[in-house]
Amino acid sequence: MRLSGVSPRALRPRSEKRRRLLLSLATLGAPTLTPFAASSQSRPILTRPIPASGEMVPVVGLGSWITFNVGNDRVARDNSAEVMRNFFAAGGR
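Residues numbered from 1 in each chain as written. Predicted model: local features only at pLDDT ≥ 70, side-chain atom pairs only at ≥ 80, totals over all residues. Heavy atoms only, no water.

A.B. asks: Where do I start with the overall build of the protein chain in this structure?
C.D. replies: Assigned secondary structure in the protein chain consists of three helices and two strands. The contacts of the protein chain with a sequence gap of at least 6 include a subset with a gap of at least 24, amounting to 33%. (Helix = DSSP H or I, 4+ residues; strand = E, 2+ residues; numbered from the N terminus. Contact = heavy atoms within 4.5 Å.)

Below, the structure is given as structure tokens:
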């Protein structure tokens, strides 16, 4: 059935339109993404003081809860170790 004056594009489900929009936005933003280690080399790491001690620490950290809790899975452990090596090589603490 064809509705008079309504384009087939207008009849697409909203979720399909949203999916295409999000994909387009992600594609446009992809060139701006760079690996952490490469991007941190070009500018100083942002730091903030710990209120109690005044020690300056980076504003971005790795965290530890669940992210690196991989148990005895050798592949997951190796992947986690590589992430940490890159983090420390880029100046993380």
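A.B. asks: I keep staring at the pattern of salt bridges and nothing clicks. Help me out?
C.D. replies: Where charged atoms from two side chains of opposite charge approach closely, those side chains can pair. Summed over the entire model, instances satisfying the criterion amount to one salt bridge. For arginine 85, the salt bridge identified is with glutamate 82, shortest N-O distance 3.0 Å. Of this pair, arginine 85 and glutamate 82 both sit in helix H3 (residues 74–89), three residues apart, which is roughly one turn of the helix. Looking at glutamate 82, the relative accessible area reads 37%, which means it is partly exposed. (Salt bridge = Lys/Arg side-chain N within 4 Å of Asp/Glu carboxyl O. Buried < 20%, exposed > 50% of the residue type's maximum accessible area, 1.4 Å probe, protein only.)

A.B. asks: Sorry, what's going on with the packing of aromatic side chains here?
C.D. replies: Here a ring pair, both rings aromatic, is described through the centre-centre distance and the interplanar angle of the planes. Counted by the stated rule, this structure contains one aromatic pair. Note on phenylalanine 87 and phenylalanine 88: the rings are 5.5 Å apart at their centroids and 70° apart in plane angle, and the pair reads as edge-to-face. (Phe/Tyr/Trp six-rings, centres within 6.5 Å; stacked < 30°, edge-to-face > 60°.)

A.B. asks: Looking at this model, I keep getting lost on the side chain of serine 80. Mind explaining?
C.D. replies: Relative to the helices and strands, serine 80 resides in helix H3. Note on serine 80: relative accessible area 10%, which makes it buried.

A.B. asks: Any chance you could explain a nonpolar patch on the surface here in plain terms?
C.D. replies: A surface patch of nonpolar side chains, amounting to about 300 Å² of accessible area, comprises Leu21, Leu22 and Leu25. Along the polypeptide, leucine 25 turns up in helix H1 (residues 14–29). (Patch = residues over 30% accessible without salt bridge, like charges linked within 9 Å, V, L, I, M, F, W, Y side chains within 5 Å. Areas by Shrake-Rupley, 256 points an atom, 1.4 Å probe, with all protein chains shown as cover.)

A.B. asks: Teacher, can you tell me more about the environment of phenylalanine 68 here?
C.D. replies: Within the secondary structure, phenylalanine 68 sits in the loop between strand S2 (56–58) and H3. Sequence separation of phenylalanine 68 and asparagine 79 is eleven residues, and the distance between their C-alpha atoms is 9.5 Å. Setting aside anything within four residues of it in sequence, one finds phenylalanine 68 in contact with Leu62, Gly63, Ser80, Val83 and Met84.

A.B. asks: Teacher, can you tell me more about H3 here?
C.D. replies: Every α-helical turn comprises 3.6 residues, leaving residues that sit three or four positions apart pointing alike. With 16 residues, H3 should reach 22 Å at 1.5 Å per residue; the first-to-last C-alpha distance of 22 Å fits that figure. Along H3, the residues that are buried comprise Ala76, Ser80 and Phe87. Across the axial projection of H3, the buried residues extend over an arc of 35°, all falling on one side. In H3, the exposed positions that point more than 90 degrees away from the buried face belong to Arg74, Val75 and Ala89. N-cap assignment for H3: the residue whose side-chain oxygen lies 3.1 Å from the backbone N of valine 75 is aspartate 73. Within two residues after H3, glycine 91 carries a phi angle of roughly 100°, on the positive side. (Expected span 1.5 Å × (residues − 1). Arc of directions from axis to C-beta. Polar contact = N/O pair within 3.5 Å; in protein donor to acceptor, adjacent residues only side chain to side chain.)

A.B. asks: What's the story with the confidence of the model for the protein chain in this structure? I'm lost.
C.D. replies: Predicted coordinates in areas of low pLDDT are best not read in detail. On average, residues of the protein chain score 75 in pLDDT, and 67% of them reach the 70 mark or higher. Mean pLDDT values for the elements of the protein chain range from 48 in helix H2 (residues 36–40) up to 92 in strand S1 (residues 47–49). (pLDDT = per-residue confidence, 0-100.)

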